[in-house]
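# Examining the three-dimensional arrangement
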Amino acid sequence: MAVVVRNEDEAPLRELIERCAELKGELVEFAQSARFDRWLTPLLLEAAGPERRLDEAEAVRIIDHFILRYPLPGGTTVVDRFVAGQRDLTEADRAMLLGWRDPVEGVFEVRRKDGDAVVLLNLVDDLEYRTYSNAGREAFRGVSAGGFLLACLVPVHSADGAWLISGAMSPYPRSSATEIARAALQLATSHPSLVFRNPEKIEQGWRSMREDRAAFVEFCGSDELVLPPAEAEELLNSYYRHRQHAAVAEQPDRVRGRRLPGLDFPAFELPRGLADSDTVGVIYDDVDGLNFYPDYGMLRNLFSDPAVAGRKQHQDLLRGYLREESIAPTADPPAGRRPPGDRRRGVPEAAAEAWIHLGRTR
């Protein structure tokens, strides 16, 4: 379907969107060719489950993600291979297609309709996107202001601020706000890189981490602790309860009369790789955030007591840390240049997965 625009000023945008539709059709056909069967077919079969049932919208999402984001051997994507193999593409076409490798996946609130476009607020990164469909305004017939969309967007190259629906979109009414909020929270916590598309969120993340680190040091007495696993768990759960109660106390009017689950239940549990260690290093770094390291006490002894340097157990532990690829030293970036703690933040499963600043042990 041709895209209808409101006036002649949008004619170039209409042409771009129509070209997007042509390129996307060719790209989908390319992705579904036999050369990609070995990767795409298992993805579809896994989603279909034992009953081999897969609705059209889910199939479209899987194919769209496969085209734009799935890492093929060599680190390329289907888009990369399509661009490399199509000699009749213009430079504008190539730039358009390569820009699609960085789509915006999100949960969106519909702010308003504006001609052929809808203005969407991404509840994950808190940014607005002026969004079109290559099917024209008919694609948004069932969409109304205040409702929600689960969708994937790609940029329209050379049309500043214009985005295009890619793949399937799922509309939800305003009455689904609670479920939509949960979905947005789950997406943000499982894929924090989606949040940090917004530079303001990066700065907010740094600020929140600085505040939390200061509270951690005040509560625990240090930003570096060496504890038996059980004591580390008990301390962390005490700290989280302390922070939760403090947050509730700051907003008494908002929580008065409401039941707040979770305040009296453990929020933190070490995975087996750490729980089985003699000691756990708990380090709240000002750049990499809160991290946990197995047998950290033994590692500290290796640097503080020369008498243990020749012991095989200590040497094996050190080798385990040194084999970790991320051990190479790097300069701390200025605040705001990247998301806080995005290198190794979280709980590593074993020594070979842990990031560590060896300078702390020296």
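Check the entry above for the structure.
Residues numbered from 1 in each chain as written. Predicted model: local features only at pLDDT ≥ 70, side-chain atom pairs only at ≥ 80, totals over all residues. Heavy atoms only, no water.

## A few points about the sheet that holds strand S8 (residues 280-285)
- With respect to topology, three strands assemble into an open sheet ordered S7-S8-S9, the strand pairing being antiparallel. Only two strands of the sheet have a single partner each, and these edge strands are strand S7 (224-227) and strand S9 (289-294). Strand-to-strand, the axes of this sheet are offset by a mean angle of 15 degrees, without reference to chain direction.
- With four bridges joining them, S7 and S8 adopt antiparallel strand pairing. Paired with Leu 227 across the bridge in S8 is Val 280.
- Helix-sheet contacts for helix H8 (residues 199-220) involve S7, S8 and S9, and the interaxial angle to S8 is about 135 degrees.
- The strands that helix H9 (residues 229-250) touches are S7, S8 and S9; relative to S7, the one it contacts most, it runs at about 135 degrees. (Pairing = 2+ DSSP bridges. Helix = DSSP H or I, 4+ residues; strand = E, 2+ residues; numbered from the N terminus. Axes fitted to C-alpha atoms, helices over the stretch in contact; angles between N-to-C directions. Contact = heavy atoms within 4.5 Å.)

## Re the packing of aromatic side chains
- Counted under the stated rule, the structure contains 12 aromatic pairs.
- Their ring planes at 90 degrees and their centres at 6.1 Å tell us that Phe 108 and Tyr 129 sit as a pair that is edge-to-face. Of this pair, Phe 108 sits in strand S1 (residues 104-114) while Tyr 129 sits in strand S3 (residues 128-132), and the two are 21 residues apart along the sequence. Taken individually, Phe 108 and Tyr 129 each receive the classification buried, so the pair is uniform in this respect.
- Measuring from centroid to centroid gives 6.0 Å for Tyr 293 and Tyr 296, while their planes differ by 35 degrees, and the two rings are tilted.
- Overall, Tyr 296 belongs to the buried group, its relative accessible area being 0%.
- Clustering of aromatic rings is evident, with ring pairs tying together Phe 30, Phe 36, Trp 39, Phe 66, Tyr 70 and Phe 82.
- Above the plane of the ring of Trp 39 lies Arg 38, whose end atom (NZ or CZ) is 4.8 Å from the centre. (Phe/Tyr/Trp six-rings, centres within 6.5 Å; stacked < 30°, edge-to-face > 60°. Buried < 20%, exposed > 50% of the residue type's maximum accessible area, 1.4 Å probe, protein only. Lys NZ or Arg CZ within 6 Å of the ring centre and 35° of its normal.)

## A word on helix H1 (residues 11-31)
- Under the 1.5 Å per step criterion, the end-to-end length of H1 is 30 Å for 21 residues, consistent within 8% with the ideal 30 Å.
- Residues of H1 that are buried: Ala 11, Leu 13, Ile 17, Cys 20, Leu 23, Lys 24, Leu 27, Phe 30 and Ala 31.
- Among the structural elements, helix H2 (37-48), helix H3 (56-68), helix H4 (78-85), helix H5 (91-99), S3 and strand S5 (162-165) are those in contact with the buried residues of H1. (Expected span 1.5 Å × (residues − 1).)

## Describing the pattern of salt bridges
- Applying the stated criterion across every chain, the model contains 14 salt bridges.
- Here Arg 197 ties to Asp 102 by a salt bridge, and the two come within 3.2 Å at their closest N and O atoms. Of the two residues, Arg 197 sits in the loop between helix H7 (192-195) and H8 while Asp 102 sits in the loop between H5 and S1, which places them 95 residues apart along the sequence.
- Given the relative accessible area of 28%, Arg 197 is considered partly exposed.
- For Asp 102, a relative accessible area of 44% gives the class partly exposed.
- Taken together, the shared-partner salt bridges in this structure form one network comprising Arg 19, Glu 22 and Asp 93. (Salt bridge = Lys/Arg side-chain N within 4 Å of Asp/Glu carboxyl O.)

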